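Chain and residue survey
Listed below are the residues making up each chain.
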Amino acid sequence: MSEPTAVHVAAPRRPSASPYDAQAAVDRLLDRLQEASGASRVSVWVHETSTHALVPFAVSVPPGTPVVHPPAGRAAFAVAPSFLAAVISERRPAVVHGDGGRSGDPGLAILGAGSAHVEPLVLDGEVIAVLTVEPATGATPDLLAAIVPDLTPAVADAWMRRSERRRSRQAEVLLGLIEAAAQANSMAHLLGTACVQLAKLGEVERACIFLLEDGRLVPRMASYADGHRDLATWERFRNAPVNLQLAETVLRTGQPLTADRDSDLLAGWWVDTFQIASALAVPIGRSPHVAGVLTLDSTVVRPFSEAVRRLAAAAGAHLGGVIEQARTSQARAASLTTARVVRQMMVDGSKATGAPEAAEVLARAVQELVGTERSAAYLVDDDGVVDEIRHVGWTEEHKAIVQATLVGRPADDVPLWRLTCEQRLPVFVEDAPSTTLVDLRLIAALDLTSFVSVPLLSGDRLRGLVITGSTSGGRTWGPEVREAVRQVALEGSLVVENAQLRAVEQLRLQQLATEAHHDPLTGLPNRRRFTEALEAAVYGPGEPACAVLMIDLDRFKEVNDSFGHSVGDDLLCLVGPRLQAALEPGDLLARMGGDEFAVLLPDADEQRARDVATRLGAVLRDAFELDGMPLHVDASIGVALCPDHGRDRSLLLARADTAMYGAKRGREGFEVWVPDGTSAPRDRLETLEQLRAALDTDQLLPHYQPKLDVPTGAVVGVEALVRWEHPERGLLRPDVFLPLAEQAGLMRRLALQVLEQSLRDLRAWRAAGQDLTVAVNLSVSNLQDVALPDQVAMLLEACEVPAESLILEITEDVLMADAARSQQVMAALRRMGIRLSIDDYGTGYSSLSYLRALPVDELKLDRSFVSSLAGDERAAAIVRSTLQLARDLEMDMVVEGVEDAETLDVLRTWGCQTAQGYHIGRPMPADEFASWLGDRRAAAPLA
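Fair warning: this is a prediction, and the values are worked out from it, not measured in the lab.

**Some remarks on the overall build of the protein**
Counting its secondary structure elements, the protein contains 31 helices and 34 strands. Counting all 943 residues of the protein, 49% fall into the buried class. Expressed as a percentage of contacts within the protein between residues at least 6 apart in sequence, the contacts between residues at least 24 apart total 63%. Accessible surface computed for the protein: about 43,700 Å², of which carbon and sulfur atoms make up 52%.

Here it is in structure tokens:
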């Protein structure tokens, strides 16, 4: 680099200096030459071999003559193209005249001379400088021969010493950079200090730094030599619309480059905007770890001296290390910050349920990372419309603006949304008023100066945007922050997805809770919900009082049988709202199952329970309209009161149930439970619990009623009739406990117990020589159990009894419950050789079609037809015709209810095969039956 331009007026000749001062020696020799030659100007230009340029070094003019050096304001200039190239390369003098044939030579214009003698100063075979004498006539050979030998070593020595001073200054600059790097509190501070120091070295007007970020060069810092920095120029530099090709080339090649205006590397927008004439660019850092590019530019064309190039290269190399170190420190700090923010986001996100709550958590995390003042999460529905916004740190005024502007608007109308849909990456806008991604009117209304947009992802689905912005001034975000935001955005997608899963799970749990406590058909609370509410009312603190009403629809089975179950279901759905209308807030109506409902009246006495029962019955009296047909339904209601009728949940339900059955029998509408004071009948619930214990302790035993072969008078079999030997209530008949067993699902177990015991007794009788059969009754649940045939087969095998000796009796209503499944079970039993009998024939549906279709071996005529056989001709006709029907169908016929000898004689006359009744024998335990049979066989057969 040159010294600052010197402008002075010649004074008395320079004072004497030390003989060791090379610069003074050069000045004295030039003065001698000027005086002796009478020249108007004598100059020395140092030749830089590395740059092939001439640098002004010293000048001498006559006393009193003003001088400006270097000429034409040039600090240095390239040798080519001009006559100077030949002077240096051929090491020979040249004389040029402005009015001669070489007036167009650019060398004269560069020297600022009209006529000059140019003398090369050669040392050790190299041209170290050129001497110019203006005009050329002043340079005589004798004079040059006397001056040049002394001038040449003096110039070399003086230039060397000046270069040493320059190197010292460069070292000071580099040291300053090192100190600035150590004291810099941010990357921006570091880059700003570096640019200021480099720009003040001279020969350049400005120093600029471009950093490599995300694979592209980004303008990051610039400083002028005079220190000025107007905001408009800085914004143009920072937001340059095109790349600086010179810097891009240096980044690609890793080598320093210079360029003048209008070259391919330096043209267009950069030249026009910043008036760049020449520029020097060097890599920041060393290949292959180049962090960016440093540029030094000038508003005049110059070749840049070797000293400037060396300093720029050294500064670039040093800055690369400093920037890398700063970035590493920033990355480490950013990593720790990111980890802390992510950890907190995960903690907060674990409490979020649903995408809106998770989006708010993500918004707070991004806001903390980028240092902004406000955030918002914009959620988009499945139709692409903005439907919800969560705000963080917003004023009510700005919330209202956003709500009015964006909610209900298609998100695709906003360019920012379209860009995010395409890239799925965060977007950083450092100058919000100049963006095209968001409506500038909205930017102005919200006072936004810069913002960051983050995609709100749930898995692969884009659910919306999280935007955090600043209103206190423009912000810039380095690569560390940008990478941290990207990482938080990815982690945030997991937070959103997990929050949505929690929302779905919560909804599922709510749905399960609803399903667990509500009837799926009517939507009313179910038995479980009612039981829990009753427990809370009965077992609550203080003196609980409540009423339980059990409601059973009358003749509901007729509706199902006549119109189908779908109509029955529709009717139940209409009954619920009718009953609810009769209740008050706080009363609980539930469907307990089938056509049974229940009502819980908290804090109710008997009078209120009676009033409610009356209203419930009244609301059902109006006809229900189903498929255009009116249907009337009545109900029977039982009432139990707490604490009057008990303080136990199960006891209250049982007593309300008992009262309901009492109301149904008496056709009284409703009945309040009243204890009858006797040991039987007991409460249904108590009986049921005792029945479970009876099954475990063999209290249920079969009693056997004999079956008579009418023509011969021989006993050919027995019917097993179950009895309960209750330890307190004595012998109980089946009608006391079988309905309870059927309702409680105990019939399968009960029937198998009776069947097993009957087969064991039959085995004993057959072992004693009694060739008998045994008939056992089956219920609805037995005949619908597809496992029954296998269980019966196992019992037959275990008891070693032939299948032909077992008869299973089935009533007609059992057959009609589920005809398809009943036929399947019956067919399997019959294939085993077991005989099937229709019990109580004539009292049910008496459909002749099922006699044709079902695999039945025997008809058992109900006792109601036999009791009036002697005096009722119609009954007699039915019995005779049924006997004939059985013969025609090749079925056996058993007549029940034979109570006297006259009836037995009539049946013998009509050809009846088998009879059963009290006249023949009452049901008796197994041991009594064995004795009875032995006594009978010892006596004569019946006449």
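So, next bit.
**Structural notes on the pattern of salt bridges**
Scanning the model with the defined rule gives 37 salt bridges in all. One salt bridge in this structure joins R390 and E360, with 3.1 Å as the shortest N-O distance. A residue pair is termed long-range when its members are at least 10 positions apart, and R390 in strand β15 (residues 386–392) and E360 in helix α10 (residues 355–370) qualify at 30 residues. Taking relative accessible area as the criterion, R390 reaches 24% and is therefore assigned partly exposed. With a closest N to O distance of 3.1 Å, D519 and R591 form a salt bridge. Residue D519 is found in the loop between α14 (479–517) and α15 (527–538), and its partner R591 is found in strand β20 (residues 588–593); the two are separated by 72 residues along the sequence.

**Points about the packing of helix α16 (residues 556–563) against helix α17 (residues 565–581)**
In contact at an axis separation of 6 Å, α16 and α17 are set at 140° when each is read in the N-to-C sense. As far as their axial angle goes, α17 and α16 are oblique. Touching F556, V559, N560 and F563 of α16 are H565, V567, G568, L571 and L572, all from α17.

**Comments concerning the sheet that holds strand β19 (residues 546–553)**
Across a sheet, strands are paired by hydrogen bonds formed along the backbone, either parallel or antiparallel in direction. Strand order in the open sheet formed by five strands is β20-β21-β19-β24-β25, with mixed pairing between adjacent strands. The strands lining the two open edges of the sheet, one partner per strand, are β20 and β25 (670–672). On average, adjacent strands in this sheet sit at an angle of 20° to one another, irrespective of strand direction. Note that strand β24 (residues 635–642) and β25 share three bridges and pair parallel. Within the sheet, the bridge partner assigned to G638 lies in β25 and is E671.

**Some remarks on the pairing of strand β8 (residues 126–134)**
A regular strand places its side chains so that they alternate between the two faces of the sheet. Burial analysis of β8 places eight of its nine residues in the buried class, the great majority of the element. Sheet analysis places strand β2 (residues 41–48) next to β8, joined by six bridges and oriented antiparallel. Following the sheet pairing, V42 is matched in β8 by V133. Both strand β7 (residues 115–123) and β8 contribute to a ladder of seven bridges, which runs antiparallel. Along β8, the bridge assignment pairs L121 with A129.

**Quick look at the sheet that holds strand β11 (residues 257–260)**
Judged by pairing direction, the sheet is antiparallel, and its five strands sit side by side in the order β10-β9-β13-β12-β11 without closing on themselves. Bordering the open sheet on either side are β10 (216–224) and β11, each of which pairs with just one other strand. For this sheet, the mean inter-axis angle between neighbouring strands, taken without regard to orientation, is 20°. As paired strands, strand β9 (residues 206–213) and strand β13 (residues 292–298) are joined by six bridges and run antiparallel to one another. For F210, the partnering residue across the bridge sits in β13 and is V293. Relative to β10, helix α6 (residues 231–238) is tilted by about 160°, and along the sheet it contacts β9 and β10.

**Some words on the packing of helix α22 (residues 747–767) against helix α24 (residues 788–799)**
For the pair α22 and α24, interaxial distance at closest approach is 9 Å and the crossing angle is 25°. As the angle between them shows, α22 and α24 are arranged roughly parallel. Crossing hand, α22 versus α24: right-handed. Side by side, α22 and α24 meet where R748, L752, L755, E756, L759, R760 and R763 of the first sit next to L788, Q791, V792, L795, L796, A798 and C799 of the second. Of the residues in the contact of α22 with α24, the class split is nine nonpolar, one polar and four charged.

**Some remarks on the nonpolar core**
Counting residues in hydrophobic clusters, the biggest one holds 71 residues, and the most contacted among them are L700, L759, V774, L806 and L808. Residues within four places of L700 in sequence aside, it is in contact with L691, A694, L695, V722, R723, W724, F737 and L750. Within the second largest apolar cluster, 47 residues are counted, among which are A247, V271, L296 and I323.

**Brief notes about α6**
Within the span of α6, buried status applies to T233, W234, F237 and R238. Down the axis of α6, the smallest arc covering the buried residues is 130°, so these residues share one side. Against the buried residues of α6 lie β9, β10 and α8 (269–274).

**Digging into unusual backbone geometry**
The omega angle of the peptide bond from E134 to P135 is -5°, so this bond is cis rather than trans. Along the chain, the position of P135 falls in the loop between β8 and α4 (141–183). Looking along the chain, the bond that leaves C642 and enters P643 is cis, with omega of 10°. Relative to the helices and strands, P643 is located in the loop between β24 and α19 (649–666). The backbone of D124 shows a phi angle near 55°, a positive value even though the residue is not glycine. By secondary structure assignment, the location of D124 is in the loop between β7 and β8. In this structure, E890 takes a positive phi of about 55° despite not being glycine.

**Digging into the confidence of the model for the protein**
Chain-level statistics for the protein give a pLDDT mean of 82 and a share of 87% at 70 or above. In the model, residues 1–12 has pLDDT below 50 throughout and makes 29 contacts with residues more than four positions away in sequence or in other chains. Confidence drops under pLDDT 50 across residues 677–682; counting only partners more than four residues distant or on other chains, this segment forms seven contacts.

**A few points about the environment of Y841**
Along the chain, Y841 turns up in strand β31 (residues 835–841). Sequence separation of Y841 and D862 is 21 residues, and the distance between their C-alpha atoms is 5.4 Å.

**Quick look at the side chain of T903**
By the secondary structure assignment, T903 is in helix α30 (residues 901–909). Residues in contact with T903, not counting those within four places in the same chain, are V866, L869 and V898.

**Quick notes on the packing of aromatic side chains**
Applying the stated criterion across every chain, the model contains 13 aromatic pairs. In this arrangement the basic side chain of R374 is found over the ring face of W394, its NZ or CZ atom lying 4.7 Å from the centre. Positioned over the ring face of F624 is R578, at 3.9 Å from the centre of the ring.

**Observations regarding helix α29 (residues 873–888)**
Counted at 1.5 Å a residue, the expected span for α29 with its 16 residues is 22 Å, and the 22 Å between its end C-alpha atoms agrees. Within the span of α29, buried status applies to A875, A876, V879, T882, L883 and A886. The buried residues of α29 all sit within an arc of 130° when viewed along its axis, so they share a single face. Exposed residues pointing more than 90 degrees away from the buried face of α29 are listed as E873, R874 and D888. Where the residues of α29 are buried, they touch β31, β32 (858–861), α28 (863–866), β33 (892–895) and α30. Count one or two residues on from α29 and you reach E890, which has phi positive near 55°.

The rules behind each value
Residues numbered from 1 in each chain as written. Predicted model: local features only at pLDDT ≥ 70, side-chain atom pairs only at ≥ 80, totals over all residues. Heavy atoms only, no water. Helix = DSSP H or I, 4+ residues; strand = E, 2+ residues; numbered from the N terminus. Buried < 20%, exposed > 50% of the residue type's maximum accessible area, 1.4 Å probe, protein only. Contact = heavy atoms within 4.5 Å. Areas by Shrake-Rupley, 256 points an atom, 1.4 Å probe, with all protein chains shown as cover. Salt bridge = Lys/Arg side-chain N within 4 Å of Asp/Glu carboxyl O. Axes fitted to C-alpha atoms, helices over the stretch in contact; angles between N-to-C directions. Parallel < 35°, antiparallel > 145°, perpendicular 65-115°, else oblique. Pairing = 2+ DSSP bridges. Left-handed = near helix turned anticlockwise from the far one by under 90°. Nonpolar A, V, L, I, M, F, W, Y, C, P; charged D, E, K, R; others polar. Core = buried A, V, L, I, M, F, W, Y, C linked by side-chain atoms within 4.5 Å. Arc of directions from axis to C-beta. pLDDT = per-residue confidence, 0-100. Phe/Tyr/Trp six-rings, centres within 6.5 Å; stacked < 30°, edge-to-face > 60°. Lys NZ or Arg CZ within 6 Å of the ring centre and 35° of its normal. Expected span 1.5 Å × (residues − 1).

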